[in-house]
Amino acid sequence: MNKIPAQFNYQEREASWYQYWQEQGIFESDPDERAAYTIVMPPPNVTGVLHMGHMLNNTIQDVLIRRARMKGYNALWVPGTDHASIATEAKVVAKLQAEGKSKTELGREAFLEEVWDWTHKHGGIIQDQLKRLGCSCDWRREAFTMDEERSESVLKVFVDLYREGLIYRGYRMVNWDPQARTTLSDEEVVHQEVASKLYYMRYPLVGQEGHLRVATTRPETILGDVAVCVNPDDERYQHLVGQQVTVPISGRAVPIIADEYVDREFGTGCLKITPAHDINDYTIGQKHDLEIMEVLNEDGTLNAHGLHYEGMDRFAVREKIAAELEAQGFLEKTEDYPTKVGTSERTGAVIEPRLSDQWFLRMKDLAQPALKAIMDEEPDIALIPEKFKNTYRHWMENVIDWNISRQLWWGHRIPAWYYGDGQVVVALNEEEALAQARQDSGNAHLQASDLRQDEDVLDTWFSSWLWPMSVFDGIRQPDNAEVNYYYPTRDLVTAPEILFFWVARMIMLGYHYRGERPFSHVYLTGIVRDAQGRKMSKSLGNSPDPIGLMERYSTDGVRMGMLLTSPAGNDLPFEEELCQQGRNFANKVWNAMRLVKGWDTLPSAPEPAADVAMLWLDEKLKDTVQRMEASFERYRLSEALMTLYRFVWDDFCNWYLEAIKPPYQQPISEEVRDRTLDFFEQVCALLHPFMPFVSEEIWHLLRPRAEGDSVGLGRWPNVQAPNEQLLGDFDQMLAVVNGVRHVRAQKNIPRKEALALHVPGPEALGINLFPVAQKLANLETILERGAEEGPGFTFLAGKHECYIPAAEQVDLAAEQQRLQEEIAYLEGFLQKTEKKLSNERFVQNAPAVVVDKERQKKADAADKLAALRESLGKLGG
């Protein structure tokens, strides 16, 4: 006993146990004869750090994989990181700027060396933090989207899809991030409502008096106007179609055109057309064969078409050009106008529509099997919770071609080479590209120097959608033993916001490449929010440091705190008190272990109370496992944890240990002690997926263990049907015990004073449970009720009325007064309820459920009133 510390020293022991698990290879997996259970980690940014969302997501994955390992599966959790093209390149560009350098001055090769140095310096932090969290990954298999195996896989998929005709190059309007200077997909654009202004401008008619009034929120783009468009049915302007107006400031004459797209009711009914900077304007421009005049540079500054504003930022120009328009008499008025603008998910910059040559992937045909996999009546892949199915369906039914090229240097460079006057070849490497170019051109003298590789890289998600296959080298070697064994994977745990970004695309590629699903279940987590309902983030300053939380409350405490209120797909209202609750629970289990380990034993027969308690706990444990399994099958991890929490805290630590506990400094039966250790081992097993460190420590302290053994290896209890009759009888007995304890507390009867208890019959306790009731309630005798003499107290235990003779020290007068006051209150309450129920209008018009509720109130009050009157009568009142 003296060797066991008063508290679990988690600051030291958590690190020790994680090292032990790794040294013993407990998380490692290789193909064998067992069934595989695979999870691939959604790869965090290689230079990222742990945040609350990571904490929740990875704790859930760890619970699932540890439980699978304990159930006998060959469980594998594959870790990895993502190169995060936009975010990582932006950090390195900022670093260089602080040093007085620039990306372009360095050149591509030198810049990439800087990025690799940054990655090596800052990478690895999040992996160490995941280990601190207890993540039971096979770290031998750690993958990186830019490592050789993954990079070759990405290029192979690009080449394959290009040759299938699914990848093509096109001149399209795209989303442009002026800060990162790259295109973005629609899914990477976040639309935010902002306070803007609507500018009403006059465009003078050419060759005649008058003008057209045009309203716009972007006056800085008027220098790229090539027409003014009206609705052909708008009588105000029909006579002007075909004539010209002068663009303010630039003085250029542009045509007045007509198109049904224009809304006659919006603004002035006149729309300025700037095809280079608006997707709808571009469509109209194509239809009417209009010129395209681009006025913005890649960084959001104006170019030479911006005249005297050349080189100025677009938003600075907006302010200055408005003043110039007003000074020249072109600005009629401005109005406040709330509008939505698209911003970059990564940099926060306002997105600009921009025409550009980009690489695209045709998505329509790829989407069909992926849509069917989720939406079938018996789906191939289950979304948890199902509420996200409609969102998924909407995206997939309205899918557009994926812009997969990015104007960055950090990433997988597009394997396309140009030569001659614009010819292009797509190949895995330059050698293949040269051979293909010689064949296509018929020029055997072409040299590598005649080829120019595309400068762009692929969208980061293009590498991520290969993830469930590429981590097993299933792209380069589609029939290798590992991918055939571990794929399809079992569970994917991720966030709803990347359901289309990533999840849908992995499903598409899985069916296209292997003809099967990449995973069977997609568990969508909620958002971690603060007490005010705000999303936790560093920018708001409302997100605690995860490492700090683990230092204060233990890793087990934090894991449990997060899981207690994290139902799938619903947001997690997080408060630090949850972590405190988790740590308190760990302390409760630790103290229970110290209590049991501190008992001396004798080879004697169990006491009657202990004998009965052991029978009951065995059935209660079966019931707990059965309930937990049902929750796990529905992926209700919080529900499973709460079931276990109640069993450990209430049933095991409170009722069971109290029922078997020997008298002070007295020994306990060896049989009872050994059986209790058996129960405790099963508690540790059930607890292990949720609280791996303290459960491992306790399990090793309970009994001697072999080197390399762990509670996390194949020790999940089997599901067995419990004895419902015994469980029901025991619950009834506990209701009696609680009733006795309540009487003691209410009447100030000392716990050490043994009482007599009169029950209406064996069914109130169950004959076999008398010994436990006597011990837990400190009862001298338990008698069947007859004609009791003298004052006493009655109480209801379930439907059974029990009676305790009054002790000598009870103040009978005070008790009579208390009962009289309670009776008076209930009589008044009953009168009001009866009056309401005697009102025919209420009974006929109120919902049936409301009327039934009032009738139940009446019945309950009447029963309680009868019991109180009987109690008062026995006290002579």
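Shown above is the structure to which this text applies.
Predicted model, so just to flag it, every value in this text is computed and none were measured. (Residues numbered from 1 in each chain as written. Predicted model: local features only at pLDDT ≥ 70, side-chain atom pairs only at ≥ 80, totals over all residues. Heavy atoms only, no water.)

J.: What am I meant to see in the overall build of the protein chain here?
T.: Counting its regular elements, the protein chain contains 28 helices and 31 strands. Over its C-alpha atoms the protein chain spans a radius of gyration of 37 Å, topping by over 25% the 29 Å that the globule rule assigns to 877 residues. The dimensions of the protein chain, computed from C-alpha atoms along their principal axes, are 120 × 75 × 50 Å. Within the protein chain, buried positions represent 53% of all 877 residues. Contacts in the protein chain between residues at least 24 apart in sequence constitute 77% of all its contacts with a sequence separation of at least 6. Of the roughly 39200 Å² that the protein chain leaves accessible, carbon and sulfur atoms contribute 47%. Where the 96 positive side-chain charges of the protein chain centre and where its 134 negative ones centre are 4 Å apart. (Helix = DSSP H or I, 4+ residues; strand = E, 2+ residues; numbered from the N terminus. Rg over C-alpha atoms; globule rule 2.2 N^0.38 Å. Buried < 20%, exposed > 50% of the residue type's maximum accessible area, 1.4 Å probe, protein only. Contact = heavy atoms within 4.5 Å. Areas by Shrake-Rupley, 256 points an atom, 1.4 Å probe, with all protein chains shown as cover. Lys, Arg positive; Asp, Glu negative; His and termini not counted. Charge placed at Lys NZ, Arg CZ, Asp CG, Glu CD.)

J.: I keep staring at the sheet that holds strand β8 (residues 211-216) and nothing clicks. Help me out?
T.: Strand pairing in a sheet is mediated by backbone hydrogen bonds. Such pairs are either parallel or antiparallel. Pairing is antiparallel across the open sheet formed by 3 strands, whose spatial order is β8-β7-β13. Across the chains shown, the open sheet's two edge strands, defined by having one partner strand only, are β8 and β13 (331-344). Each neighbouring strand pair of the sheet contributes to a mean axis angle of 20 degrees, computed without reference to strand direction. Alignment of strand β7 (residues 189-204) against β8, held across 6 bridges, turns out to be antiparallel. Following the sheet pairing, Tyr203 is matched in β8 by Leu212. (Pairing = 2+ DSSP bridges. Axes fitted to C-alpha atoms, helices over the stretch in contact; angles between N-to-C directions.)

J.: Even after reading the chapter, I still don't get the environment of Gln328, so can you show me in this structure?
T.: For Gln328, the location among the structural elements is in the loop between α9 (314-327) and β13. Taking relative accessible area as the criterion, Gln328 reaches 42% and is therefore assigned partly exposed. Each C-alpha atom of the pair Gln328 and Ile249 lies 8.3 Å from the other, and the pair is 79 residues apart in sequence.

J.: What's the story with the pairing of β7 in this structure? I'm lost.
T.: Side-chain direction in a regular strand flips from residue to residue, so the side chains alternate between the two faces of the sheet. Two strands pair when backbone bridges link them, and β7 and β13 are joined in this way by 13 bridges, in the antiparallel orientation. The partner of Val190 across the bridge, within β13, is Thr343. Hairpin remark: β7 followed by β8, antiparallel, with 6 residues in the connecting loop; positive phi at Gly207, about 80 degrees.

J.: Teacher, can you tell me more about helix α12 (residues 430-441) here?
T.: The first and last C-alpha atoms of α12 sit 16 Å apart over 12 residues, in line with the 16 Å expected at 1.5 Å per residue. What α12 keeps buried is the set Ala433, Leu434 and Ala437. The buried side chains of α12 occupy one side of the element, clustering within an arc of 100 degrees when seen end-on. More than 90 degrees from the buried face of α12, the exposed residues found are Glu431 and Gln439. Those residues of α12 that are buried are in contact with β18 (416-419) and β19 (423-426). The N-cap of α12, judged by a side-chain oxygen 3.2 Å from the amide nitrogen of Glu431 a few residues on, is Asn429. (Expected span 1.5 Å × (residues − 1). Arc of directions from axis to C-beta. Polar contact = N/O pair within 3.5 Å; in protein donor to acceptor, adjacent residues only side chain to side chain.)

Distances and angles like these do not, on their own, reveal function.
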